[in-house]
Amino acid sequence: MIPKNVIGAGIDRVDGPLKVTGGAKYAGDVSLDGMVYAVPVTSTIARGNIASMDTSAAVKAPGVRIVMTRKNAPPLFKGGNDYDDACQSGEDWMPLQDDEIYYDGQIIGLVVADTLERAIHAADLVETSYQSCRPMVDLTAALKKPDTSQPATALGQPLQYERGDVDKALMKSLVRIDRTYTTPVQHHNPLEPHASVAEWSDDGSSLTLHETSQWVVNSRNSIARMLGIDQSKVTVRVLSPFLGGGFGSKGYARAFSALTAAAARELGYPVKLVLSRRQMYSLNGHRPSTTQAVTLGSDRRGRLKATRHLCGTYTSKVFQYIEPVVLSTQLLYKCSSLRTGFDLARMNTGTPTPMRGPGETPGLFALESAMDELAFATGVDPIDLRRLNYAERDPRTNNRQRWSSKHLNECYDKGAEEFGWKDRPKKPASRRDGRWLIGYGMASATYPAQNTSSSVKVSLTADGRAEIEVASHDLGTGTYTILCQFAANELGLPVSKVSCRLADTFLPPGPCAGGSQTVASVGPAVIAACKNLLTFRKAGMPGEETVTIPGSQPNGFSWQSFGAQFAEVRVDAALGRIRVHRFLGIYDVGKIINEKTARSQVHGGIIQGIGMALMEASAFDPYFGRVMTPNLADYHFPVNADIHGIRVSFIDEPDPHFGPLGARGLGELPLTGAAAAVANAVFNATGIRVRDLPILPNTILAKG
Ligand code: MOS
């Protein structure tokens, strides 16, 4: 049967049955002959030095194979800091090489035993004493310190940016909004904890790593470098066929993987390390908190004359991670005078790392809240305000360069219609249903369209089956399924006759599953390989084809995705409880490849957005610098009972100037702007403007 309209169809996940039957093997599921278990010993202070470590009891504990500390650890080397060369580590610092403590939960030792329980027990027996100092974990205070810097760029884009004359334009503006917004520390909290299983060949000539990785090619290169391995002499293979979520936390390579491999090399046995939930709050990154001063100036009707967005955030003491918060402000609206600024402090925290929509997500909370404040101040409808300031062309190019395609106005129209925006309470705190105050809010969403080089191998058998192989990833997003759809479509095969192997560095190299770029990077390579196989397919002959295609080259257009998000909230007037009663997202991401997996990804983004608006926050103890929320009881995110009606629509217009598919990628866009839509709805419901996330019932009660 020749498939019709395979592209776009809501096809079930091809890996679904494996996942629901337990047949999908995740890194932490891997069990090897003679395998032993590693547990990190972690610091209980956030700043200072190790004075002494007494390992005598741990060494004698039953089943213990080795206790590694600074005293007996093998040398480990700084990983790479080169994203473009696929050698990107999460930190510059390597554990067990010095006595300094930079953050709470830092690795200071590793215990390996024959069972997990024995390793946990022995790790508890290690006695550590410290010389400790007061850590810096307060963002406002840290931003005043001399080691605060003003990085010029992030991701090749300017952070310190100005067009026009902002000060003059602000002075002349009849309406001014001048507010500070803050977002808290957030943790990715994938369901699957980070894991690493390392196995060496007997002669030491090859190392196999089963990793929780969004980027196996990077894991291989970075971990090899940390171990001091010359890859021309030692074969390193990294596998990560299934992931239980990553959200960015599994993109950069981590030192604990190298430590696991080093322990396996010392012992001559395979070693497994799985982080505990608590350790995941220190060792694999987080979204840093931000403080953002946004100033908008407009005429009486809300036409933007000036925009200023100054962000302060932080990184750790051991890596310069930059959360590129202000970039989307430079392009979302037409505004001739605009300045962004960025201050980066250093704190005694674990190192931040990309988290779904890094930069755009906290940045749009501030900008889209400020736009709502401007709408209220001018009396202009929030959607009309955004239409009034619509960027028909890229504002970063003096409104000269066109977007490859942009249907944001359709998102506003379609969203307003489907949501029933015209019924929005015109005045804040004016609609009530019993104890519930009802409010509507909206916000724009935006995220850049990215793609990069990928290789792919497609093999065709004589009996008409095809197999795709590429070292890229399915984080739970649907990559297995959509790559099969591409091949089925090109080769004229049913999807059931196509299979796909992913995330193994022995396969042709593919990109990081980050930056929402997998569809637009790997998809074109699959299509190109299949086209080259068509003559074999027509002749009913076996064949195989490996292709490498570059990412899209600059073609005179700006590539960006957009969306509009709508929330109806109900706020309990007596208790301040907030419930997102309805949420609607409309997205313009070019062509949709699989309506079902796309919808599912958007649901995840919106749920994270509701969590960001109302629940999620990690706190550091102000005196000791310890993470106070290192578990799923204290770190709150939505459960099913918190989620009500979510609706999703796509514009589904192929982008004629972005890649052969016209598909721009989707994963990160729906989280951007989502928290602002909720916050704006809370204002409409209550008349209370909350500028500090998350919005908690006590804030509503205190201000109400
Ligand atoms: Mo994403 S934060 O680029 O995995």
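Remember, it's a predicted structure, so these values are computed and weren't measured experimentally. (Residues numbered from 1 in each chain as written. Predicted model: local features only at pLDDT ≥ 70, side-chain atom pairs only at ≥ 80, totals over all residues. Heavy atoms only, no water.)

Draft legend 1. Looking closely at the overall build of the protein chain. Helix and strand counts for the protein chain stand at 16 helices and 30 strands. For 704 residues, the compact-globule estimate of 2.2 N^0.38 gives 27 Å, and the C-alpha radius of gyration of the protein chain, at 26 Å, lies within 12% of that figure. On the principal axes, the C-alpha backbone points of the protein chain span a range of 75 × 75 × 50 Å. Every one of the 704 residues in the protein chain was classed for burial, and the buried ones make up 61%. Looking at the protein chain alone, contacts between residues at least 24 apart form 81% of all its contacts between residues at least 6 apart. (Helix = DSSP H or I, 4+ residues; strand = E, 2+ residues; numbered from the N terminus. Rg over C-alpha atoms; globule rule 2.2 N^0.38 Å. Buried < 20%, exposed > 50% of the residue type's maximum accessible area, 1.4 Å probe, protein only. Contact = heavy atoms within 4.5 Å.)

Draft legend 2. Quick look at the packing of aromatic side chains. The final tally for this structure, using the stated rule, is 15 aromatic pairs. What links up through ring pairs into an aromatic cluster is the set Phe 419, Trp 421, Tyr 440 and Phe 566. Stacked on the ring of Tyr 390, the Lys or Arg Lys 406 has its end atom at 4.3 Å from the ring centre. If you follow Arg 582 out to its NZ or CZ, it ends over the ring of Tyr 440, 5.5 Å from the centre. (Phe/Tyr/Trp six-rings, centres within 6.5 Å; stacked < 30°, edge-to-face > 60°. Lys NZ or Arg CZ within 6 Å of the ring centre and 35° of its normal.)

Draft legend 3. Structural context of helix H9 (residues 360-378). The end-to-end C-alpha distance of H9, which contains 19 residues, comes to 26 Å, matching closely the 27 Å that a straight helix rising 1.5 Å per residue would cover. Along H9, 17 of the 19 residues are buried, which leaves the element largely enclosed by surrounding structure. Backbone geometry just downstream of H9 places Gly 379 in the positive-phi region, at approximately 75 degrees. (Expected span 1.5 Å × (residues − 1).)

Draft legend 4. Broad picture of the side chain of His 188. Along the chain, the position of His 188 falls in the loop between strand E12 (175-183) and strand E13 (195-200). Here the side chain of His 188 touches Pro 354 through a polar contact of 2.9 Å, landing on its backbone oxygen. In this structure His 188 touches Gly 246, Phe 247, Gly 248, Ser 249, Asn 284, Gly 285, His 286, Thr 353, Pro 354 and Met 355, once residues within four positions along its chain are discounted. (Polar contact = N/O pair within 3.5 Å; in protein donor to acceptor, adjacent residues only side chain to side chain.)

Draft legend 5. Highlighting the pattern of salt bridges. Across all of its chains, the model carries 38 salt bridges by this definition. Here Asp 167 ties to Arg 308 by a salt bridge, and the two come within 3.9 Å at their closest N and O atoms. In this pair, Asp 167 sits in helix H5 (residues 166-172) while Arg 308 sits in strand E18 (residues 304-315), placing the two residues 141 residues apart along the sequence. A relative accessible area of 37% means that Asp 167 is categorised as partly exposed. Given a relative accessible area of 18%, Arg 308 falls into the buried group. One salt bridge connects Asp 372 with Arg 689, and the closest N-O pair in it is separated by 2.8 Å. On the criterion of sequence distance, the pair formed by Asp 372 in helix H9 and Arg 689 in the loop between helix H15 (674-686) and helix H16 (697-703) is long-range, its members being 317 residues apart. On the basis of relative accessibility, which here comes to 6%, the residue Arg 689 falls in the buried class. A cluster of three or more residues bridged by salt bridges with shared partners is formed by Arg 237, Lys 457, Glu 469, Arg 501, Asp 504 and Glu 544. (Salt bridge = Lys/Arg side-chain N within 4 Å of Asp/Glu carboxyl O.)

Draft legend 6. Structural view of the sheet that holds strand E17 (residues 290-298). Spatial strand order, E11-E19-E18-E17-E12: five strands in an open sheet with mixed pairing. Sheet topology places strand E11 (161-163) and E12 at the edges, where each strand pairs with a single neighbour. The average undirected angle you get between the axes of adjacent strands in this sheet is 10 degrees. Direction of pairing for E17 relative to E18: antiparallel, over a ladder of eight bridges. Across the sheet, residue Ala 293 finds its bridge partner in E18, namely Leu 310. (Pairing = 2+ DSSP bridges. Axes fitted to C-alpha atoms, helices over the stretch in contact; angles between N-to-C directions.)

Draft legend 7. Here's a closer look at the pairing of strand E29 (residues 578-588). Counting buried positions over the 11 residues of E29 gives eight, a clear majority of the element. Two strands pair when backbone bridges link them, and strand E28 (residues 560-572) and E29 are joined in this way by 10 bridges, in the antiparallel orientation. In the strand pairing of E29, Val 569 is matched with Val 580. Counted between consecutive antiparallel strands, the loop separating E28 from E29 contains five residues, among which Gly 576 sits at a positive phi close to 75 degrees.

Draft legend 8. Structural context of unusual backbone geometry. Of note, the amide linkage connecting Leu 693 to Pro 694 takes the cis form, showing an omega dihedral of -10 degrees. Assignment of secondary structure puts Pro 694 in the loop between H15 and H16. Notably, Phe 247 is not glycine yet its phi reads approximately 60 degrees, a positive angle. Structurally, Phe 247 can be placed in the loop between strand E15 (235-239) and helix H7 (255-267). Taking the relative accessible area as the measure of exposure, Phe 247 reaches 29% and is therefore partly exposed. With a phi close to 50 degrees, Ser 516 is a non-glycine residue in the positive phi region. On the basis of relative accessibility, which here comes to 14%, the residue Ser 516 falls in the buried class.

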